[in-house]
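Each chain is listed here by its residues.
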Amino acid sequence: MSMTNHKMFYVSWEAFHRASRELAAKLLTGRFERILAVSRGGLVPATILARELNIRLLDTICIVSYQHDQQGDLSVVKGCDWPDDAKLLIVDDLVDTGETAKVLKQQFPQATLATVYAKPQGKPLVDVYVTDIEQDTWIQLPWDTELSYTAPLVEQHS
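Since the structure is predicted, the reported quantities are computational estimates derived from the model, not experimental observations.

I'm lost on the packing of aromatic side chains in this one. Help?
How two aromatic rings sit relative to each other is set out by the distance from centre to centre and by the angle between their planes. With the rule as written, the count across this model stands at 4 aromatic pairs. Consider the rings of Phe 9 and Tyr 117, whose centres lie 6.1 Å apart with planes at 75°: the pair is edge-to-face. With Phe 9 in strand β1 (residues 7–10) and Tyr 117 in strand β6 (residues 112–118), this residue pair connects regions lying 108 residues apart in the sequence. The partly exposed category is assigned to Phe 9, whose relative accessible area is 30%. Summarising the aromatic geometry, the rings of Phe 16 and Tyr 117 are spaced 6.1 Å apart at their centres and angled 40° between planes, so their arrangement reads as tilted. Highlighted residues: Phe 16 in helix α1 (residues 13–26) and Tyr 117 in strand β6, separated in sequence by 101 residues. Residue Phe 16 is classed as buried on the basis of its relative accessible area, which comes to 0%. Linked through ring pairs, Phe 9, Trp 13, Phe 16, Tyr 117 and Trp 143 together constitute an aromatic cluster. The aromatic ring of Tyr 129 is capped on one face by Lys 26, whose charged end is 6.0 Å from the ring centroid.

Structure representation (structure tokens):
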């Protein structure tokens, strides 16, 4: 999905942190002992969940599906040989088409898959999420953006 002709949803660090903590609250009843962060998007929420749920054992799995703003073929760059069980929590920032989630669910069918954001196409594959996002919306996460000065409207129209 290219960013052209799509809605944009901008997320600040504060909003992302708040949503990640909300995700942690939804996971409090689980008895998780390990977190598997989907690199790179899942790294920040996994760290927040690790703190909030007091889980110290974390690892990463690298599944590449995006090149900047284009979604393409999946490639598992780094796997994980942890056992598949109910004590494993897999964390990502977003489920979009569900292709990454399918790979994760095939390898770890007993694990819980949690994301901060979920689009309709991939939502059925996620066990727990916080925020619905429309399929045609591109999310600009805080690590992909930076604040910059914007001139007042009066200066823009003079």
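Sorry, what's going on with the nonpolar core here?
Nonpolar side chains tend toward joint burial in soluble globular proteins. Ranked by size, the top nonpolar core spans 25 residues in total, and within it Leu 23, Leu 27, Ile 35, Leu 49, Leu 89 and Tyr 117 carry the most contacts. Secondary structure elements with two or more residues in this core: α1, β2 (34–39), α2 (43–52), β5 (88–95), β6 and β7 (128–132). Ranked by the residues each element gives to this core, the list is headed by α1, at 4 residues. Sequence-distant contacts of Leu 49, that is, excluding residues within four places in its chain, are made with Ser 20, Leu 23, Ala 24, Leu 27, Ile 35, Asn 54, Leu 89 and Val 91. If you look at the next biggest cluster of nonpolar residues, it comprises 17 residues, including Ile 90, Val 95, Ala 101 and Tyr 129.

Before we go on, may I ask you to explain the pattern of salt bridges in this structure?
Opposite charge on two side chains makes pairing possible when the charged atoms of those side chains draw close. Taken as a whole and assessed by the stated rule, the structure comprises 11 salt bridges. Here Lys 7 ties to Glu 134 by a salt bridge, and the two come within 2.2 Å at their closest N and O atoms. Residue Lys 7 is found in strand β1, and its partner Glu 134 is found in the loop between β7 and β8 (137–140); the two are separated by 127 residues along the sequence. Judged by its relative accessible area of 38%, Lys 7 is partly exposed. Relative accessible area serves as the criterion here: at 46%, Glu 134 is assigned to the partly exposed category. Overlapping salt bridges bring together Lys 7, Glu 134 and Asp 136 as one network.

Help me understand unusual backbone geometry in this model?
Comment: phi is negative for the bulk of residues other than glycine, and the bulk of peptide bonds are trans. Here Ser 39 and Arg 40 are connected by a cis peptide whose omega angle stands at 10°. Inspection of the secondary structure puts Arg 40 in the loop between β2 and α2. Phi at Asn 54 takes a positive value of approximately 55°, unusual for a residue other than glycine.

Quick question: what am I supposed to make of helix α3 (residues 99–107) here?
Every α-helical turn comprises 3.6 residues, leaving residues that sit three or four positions apart pointing alike. Of all the residues in α3, the buried ones are Thr 100, Ala 101 and Leu 104. Angularly, the buried residues of α3 cover 95° about the axis, an arc narrow enough to put them on a single face.

About the thresholds
Residues numbered from 1 in each chain as written. Predicted model: local features only at pLDDT ≥ 70, side-chain atom pairs only at ≥ 80, totals over all residues. Heavy atoms only, no water. Phe/Tyr/Trp six-rings, centres within 6.5 Å; stacked < 30°, edge-to-face > 60°. Helix = DSSP H or I, 4+ residues; strand = E, 2+ residues; numbered from the N terminus. Buried < 20%, exposed > 50% of the residue type's maximum accessible area, 1.4 Å probe, protein only. Lys NZ or Arg CZ within 6 Å of the ring centre and 35° of its normal. Core = buried A, V, L, I, M, F, W, Y, C linked by side-chain atoms within 4.5 Å. Contact = heavy atoms within 4.5 Å. Salt bridge = Lys/Arg side-chain N within 4 Å of Asp/Glu carboxyl O. Arc of directions from axis to C-beta.

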